[in-house]
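# Report on the structure
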Amino acid sequence: MKKERLEELSDKLQRDMTLIQISQKSNALNINTQAISNGSNTVSDEPATDNNTGSCNNGDDDDSNCIIVKGLHKNALASSLPGIIADMGRVMKLKLTKDDLKRVTIMKRKFYERHNLETDTMILIVQFHKLDMKVDFLKHKEKCKKHPAYASVNVEDYVSENTYNLCQYAKILKTYGYAAVYWRNNCVYAKKTNSTDCREIPIHTRSQVDALKFSI
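Residues numbered from 1 in each chain as written. Predicted model: local features only at pLDDT ≥ 70, side-chain atom pairs only at ≥ 80, totals over all residues. Heavy atoms only, no water.

### Comments concerning the overall build of the chain
Helix and strand counts for the chain stand at six helices and nine strands. Taken across its 216 residues, the chain has 38% of its residues classed as buried. Surface summary for the chain: the accessible area is close to 12,600 Å², and the carbon and sulfur share equals 50%. (Helix = DSSP H or I, 4+ residues; strand = E, 2+ residues; numbered from the N terminus. Buried < 20%, exposed > 50% of the residue type's maximum accessible area, 1.4 Å probe, protein only. Areas by Shrake-Rupley, 256 points an atom, 1.4 Å probe, with all protein chains shown as cover.)

### What to know about the sheet that holds strand S9 (residues 201–203)
In space, the three strands of this open sheet follow the order S7-S8-S9, with antiparallel pairing throughout. Two strands bound the open sheet, and with one partner strand each, they are strand S7 (180–184) and S9. Between one strand axis and the next, the sheet turns by 35° as a mean value, whatever way the strands run. Examined bridge by bridge, strand S8 (residues 187–191) and S9 share three bridges and lie antiparallel to one another. In the strand pairing of S9, Val188 is matched with Ile203. (Pairing = 2+ DSSP bridges. Axes fitted to C-alpha atoms, helices over the stretch in contact; angles between N-to-C directions.)

### Considering the environment of Asn194
With respect to the helices and strands, the residue Asn194 is situated in the loop between S8 and S9. With sequence-adjacent residues up to four places away left out, Asn194 is seen in contact with Ala179 and Ala180. (Contact = heavy atoms within 4.5 Å.)

### Details of the nonpolar core
Membership of the largest hydrophobic core comes to 27 residues, with the highest contact counts inside it found for Val69, Ile85, Met88, Leu124, Val126 and Phe137. Of all elements in the fold, only strand S3 (66–73), helix H2 (81–91), strand S4 (101–107), strand S5 (121–128) and helix H4 (131–139) reach the threshold of two or more residues within this core. Not counting residues up to four positions away in its chain, the partners in contact with Ile85 are Val69, Leu96, Leu101, Val104, Leu124, Val126 and Phe137. Judged by nonpolar contacts, the second largest core, of 12 residues, contains Ala170, Leu173, Ala190 and Ile201. (Core = buried A, V, L, I, M, F, W, Y, C linked by side-chain atoms within 4.5 Å.)

### What about the packing of aromatic side chains?
Tallied over the entire structure, the rule returns three aromatic pairs. Considering the side-chain rings of Phe128 and Phe137, the 5.6 Å spacing of their centres and the 50° angle between planes classify their relative orientation as tilted. For the pair Phe128 and Phe137, one class covers both residues: buried. Positioned above the aromatic ring of Tyr189 is the side chain of Arg184, whose terminal nitrogen or guanidinium carbon lies 4.8 Å from the ring centre. (Phe/Tyr/Trp six-rings, centres within 6.5 Å; stacked < 30°, edge-to-face > 60°. Lys NZ or Arg CZ within 6 Å of the ring centre and 35° of its normal.)

### Focus: the pattern of salt bridges
Inspection of every chain in the model, using the stated rule, returns five salt bridges. Arg90 is the partner of Asp87 in a salt bridge, and the nearest nitrogen-oxygen pair spans 2.8 Å. One end of the pair, Asp87, and the other, Arg90, are both in helix H2, three residues apart, so they sit about a helical turn from each other. Notably, a salt bridge pairs Lys213 with Asp210, separated by 3.3 Å at the nearest N-O pair. Taking the relative accessible area as the measure of exposure, Lys213 reaches 14% and is therefore buried. (Salt bridge = Lys/Arg side-chain N within 4 Å of Asp/Glu carboxyl O.)

### A few points about the pairing of S3
In the sheet, S3 pairs with S5 via seven bridges, with the strands oriented antiparallel. Paired with His73 across the bridge in S5 is Thr121. Here S3 pairs with strand S6 (residues 154–157) via four bridges, running antiparallel. Across the sheet, residue Lys70 finds its bridge partner in S6, namely Asn154.

### Some words on the environment of Tyr169
One can find Tyr169 in helix H5 (residues 161–170). In this structure Tyr169 comes out as partly exposed when scored by relative accessible area, which is 25%. Note: C-alpha distance between Tyr169 and Val181 (12 residues apart in sequence) is 9.9 Å. Sequence-distant contacts of Tyr169, that is, excluding residues within four places in its chain, are made with Arg206, Val209, Asp210 and Lys213. Polar side-chain contacts of Tyr169 include one of 2.7 Å to the side chain of Asp210. (Polar contact = N/O pair within 3.5 Å; in protein donor to acceptor, adjacent residues only side chain to side chain.)

### Here we look at the side chain of Lys191
Looking at the element boundaries, Lys191 is found in strand S8. In this structure Lys191 is buried but unpaired, with Glu200 as the nearest side chain of opposite charge at 5.8 Å. In terms of polar contacts, Lys191 uses its side chain to reach the backbone carbonyl oxygen of Ser195, at 3.1 Å. Among residues more than four places away in sequence, those in contact with Lys191 are Tyr178, Ala179, Ala180, Tyr182, Thr196, Cys198, Arg199 and Glu200. (Lys, Arg positive; Asp, Glu negative; His and termini not counted.)

Here you go:
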């Protein structure tokens, strides 16, 4: 009986120590940026990039390289977050390593409170160095649903608040004869027709939207 009691106490102590370690990591992430090799864990509302409205480019080192990962349990804080993303890439059979990640960002607590979200899960913003790896990650995301560790995790393209608001404003172009207004890779586009030969028009500002109203 004494031996069983000692084993129970030992197991309880180990569980308590694990919970303390997770809590300490969570608190540390809430107050500063923790640099790690081949990437970083940060806590933020937005990716740490230059935030120019409608700054569409070729996808190097900006918000267009970002995705959203929802539904990871906070227990994942016991592991390296870039390591988790790399493991998801392994499940997708992608040639993804930590070197492909610029940073992994955890949404701040106030974001969850503002949107009435459960606080036992995390929302991550993942920023890749290159756009093509981000595209591959999104393309194969459904493969993670077959893995028990990631069955409840959702992966989505990232759109900043500025880009979202610009896209909503640009939808007025449809009343002026434009066939489509949409966002992709955190950039807003309009098309005059739905033809595959029709050129996409990148939209950067509201004033550009106003000018496009009368250019069709």
